[in-house]
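This is what each chain is made of:
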Amino acid sequence: MNAKSVTILFTLSLSHLLTFSQESETAYNFLRLPVSAHVSALGGDNISIIEDDATLIFHNPALINEVSDRTINLNFMTYMEGSKTASASFVKAAGERASWGVAAQYMDYGSMKETTWDNTQTGEFSARDISVAGTYAYALTQYLSGGVTARLISSHIGGYSSMAVGVDLGLNCYWEESDLSIAAVAKNLGGQVKAYHDEFEKIPFDLQLGVSKRLARSPLRFSATLTRLTDWSEGFGHHLCVGADLILSPTIYLAAGYNFRRASQMKISDSDGSSSHGAGLSLGGGIQLERFKLHVAYGKYHVSASSILINISYAL
């Protein structure tokens, strides 16, 4: 095996670690990262909040029926040392009961050294992941909406590349009178069509269930999301993400959340025992005007790494 192959294989393993999927046997784990700052503030996984927020297209395709016509959205996220991700989306109404949208994600892992087996540097190379998608949502009844997203995914590491296709299927049932939302999403159904080498890898399939409920005559809304429901090799807590919104006015909210899986996976041992050092915690807030919206979130991913996620949206 030549030096470049050794380096590429090492980087593939590193990229899986960077996307907080240490025990995953899948590729393209950047798709697990939150794109919505509101979702990020609620713990990083949420498929049930009802908002005029175009970034929800990345989390549940059924939710874009609540988004204003002709909304354009830009996002930027700092993540781990040297890694950054950006994304964008556009949502358009299609009659009274439907909406469609397009979206793209880009993750850059930065430049890395290319070395021989004895650690002699022979050059540098870069790694990046890209996804483009189209979404369609339709109001099936007064309370129930469904949506589908078709996605093309590619990854490039040095001179190697791979490609995959994926589909998200989403449902959302919302009772406005009680402000209760229940949702289900199957994410990343599909697989690779071109592998890095001869062995094809899985893409990160995820079956999720979620609920959000605002307390009557209260500014508080609580959410709970269960993730990775097809893999019960870990305890129940590893599947749970919880969050709460403090809705100060129709235009301003604050949010906080906790991701139990992230906290468990990022525990480290020290002289006082093991601790996640705040990993799993997140918070954020947003301003939601009629046409302009700004959301910001902070997430703690590791004892030495955190993330800032910014969303900007405007209805044309």
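Residues numbered from 1 in each chain as written. Predicted model: local features only at pLDDT ≥ 70, side-chain atom pairs only at ≥ 80, totals over all residues. Heavy atoms only, no water.

Peer 1: How should the overall build of the chain be read in this particular structure?
Peer 2: Counting secondary structure elements, the chain contains three helices and 16 strands. For the chain, the residues scored as buried account for 50% of the 316 residues in total. Summed over its atoms, the accessible surface of the chain is roughly 14,400 Å², and 61% of this surface lies on carbon and sulfur atoms. (Helix = DSSP H or I, 4+ residues; strand = E, 2+ residues; numbered from the N terminus. Buried < 20%, exposed > 50% of the residue type's maximum accessible area, 1.4 Å probe, protein only. Areas by Shrake-Rupley, 256 points an atom, 1.4 Å probe, with all protein chains shown as cover.)

Peer 1: Teacher, can you tell me more about the nonpolar core here?
Peer 2: Most often, soluble globular proteins have nonpolar side chains that are buried together. Formed by 31 residues in total, the largest nonpolar core has its most connected members in Y28, F30, M77, Y79, M107, Y109 and I153. Counting residues per element, the ones that place at least two in this core are α2 (37-41), β1 (71-79), β3 (98-115), β4 (121-139), β5 (144-157), β6 (160-175), β11 (252-259) and β15 (292-302). (Core = buried A, V, L, I, M, F, W, Y, C linked by side-chain atoms within 4.5 Å.)

Peer 1: I keep staring at the environment of R261 and nothing clicks. Help me out?
Peer 2: Examined against the element boundaries, R261 turns out to sit in helix α3 (residues 260-265). What makes R261 buried here is its relative accessible area of 8%. When the C-alpha atoms of R261 and G235 are compared, they prove to be 9.6 Å apart, with 26 residues separating the residues in sequence. In contact with R261, not counting residues within four places along its chain, are R228, E234, G237, H238, H239 and L240. (Contact = heavy atoms within 4.5 Å.)

Peer 1: Is there a simple way to explain the side chain of S218 in this structure?
Peer 2: As for its placement among the helices and strands, S218 is situated in the loop between β8 (206-214) and β9 (220-226). Under the relative-accessibility criterion, S218 is labelled buried at 17%. Reaching out from S218, the side chain makes a polar contact with the backbone nitrogen of L220 at a distance of 3.1 Å. (Polar contact = N/O pair within 3.5 Å; in protein donor to acceptor, adjacent residues only side chain to side chain.)

Peer 1: Is there a simple way to explain the pairing of β8 in this structure?
Peer 2: Successive side chains on a regular strand alternate, one facing one side of the sheet and the next facing the other. Pairing of strand β7 (residues 180-194) with β8 involves eight bridges; the strand directions are antiparallel. Bridge pairing in β8 links A186 to L207. Linking β8 back to β9 in an antiparallel pair, the connection comprises five residues, with R217 at a positive phi of about 50°. (Pairing = 2+ DSSP bridges.)

Peer 1: Looking at this structure, I do not really get the side chain of T26. What am I missing?
Peer 2: Take T26: it is sitting in the loop between α1 (3-18) and α2. For T26, a relative accessible area of 9% gives the class buried. Of note is the side chain of T26, whose polar atom sits 2.7 Å from the side chain of N29.

Peer 1: Which parts of the structure should I look at to understand the pattern of salt bridges?
Peer 2: Side chains that carry opposite charge are capable of pairing whenever their charged atoms lie near each other. Summed over the entire model, instances satisfying the criterion amount to six salt bridges. Across the pair D245 and R221 runs a salt bridge, and its minimum N-O distance is 2.9 Å. Residue D245 is found in strand β10 (residues 240-247), and its partner R221 is found in strand β9; the two are separated by 24 residues along the sequence. Where salt bridges share partners, they join E51, R221 and D245 into one cluster. (Salt bridge = Lys/Arg side-chain N within 4 Å of Asp/Glu carboxyl O.)

Peer 1: Before we go on, may I ask you to explain unusual backbone geometry in this structure?
Peer 2: Comment: phi is negative for the bulk of residues other than glycine, and the bulk of peptide bonds are trans. In this structure, Y28 takes a positive phi of about 55° despite not being glycine. Tracing the sequence through the fold places Y28 in the loop between α1 and α2. Phi at R228 is positive, roughly 50°, even though this residue is not glycine. Positionally, R228 belongs in the loop between β9 and β10. What makes R228 buried here is its relative accessible area of 13%.

Peer 1: Could you clarify how one ought to interpret the pairing of strand β2 (residues 83-93) in this entry?
Peer 2: Strand direction decides the pairing type here: β1 and β2, joined by nine bridges, are antiparallel. Paired with I72 across the two strands is F90, which belongs to β2. Linking β2 back to β3 in an antiparallel pair, the connection comprises four residues, with G95 at a positive phi of about 85°.

Peer 1: I tried to follow the confidence of the model for the chain on my own but got confused; where do I start?
Peer 2: Parts of the prediction with low pLDDT should not have their coordinates interpreted in detail. This prediction gives the chain a mean pLDDT of 87; 88% of its residues lie at or above 70. Within the model, the stretch residues 1-23 combines pLDDT values under 50 with 54 contacts to residues more than four positions away or in other chains. (pLDDT = per-residue confidence, 0-100.)

Peer 1: I tried to follow the environment of L171 on my own but got confused; where do I start?
Peer 2: Looking at where L171 falls in the secondary structure, it is placed in strand β6. For the pair L171 and I182, spaced eleven residues apart in the sequence, the C-alpha separation amounts to 8.4 Å. L171 has contacts with N60, A62, L140, L144, S145, G146, I182, A183 and A184, leaving out every residue within four places of it along the chain.

Peer 1: Would you take a moment to explain the environment of I49 for this structure?
Peer 2: Inspection of the secondary structure puts I49 in the loop between α2 and β1. On a C-alpha basis, the gap between I49 and V39 in space is 8.5 Å, while along the polypeptide they are ten residues apart. In this view, I49 contacts H38, V39, L42, L56, L63, S212, R221, S223 and D245; residues no more than four positions away in its chain are not counted.

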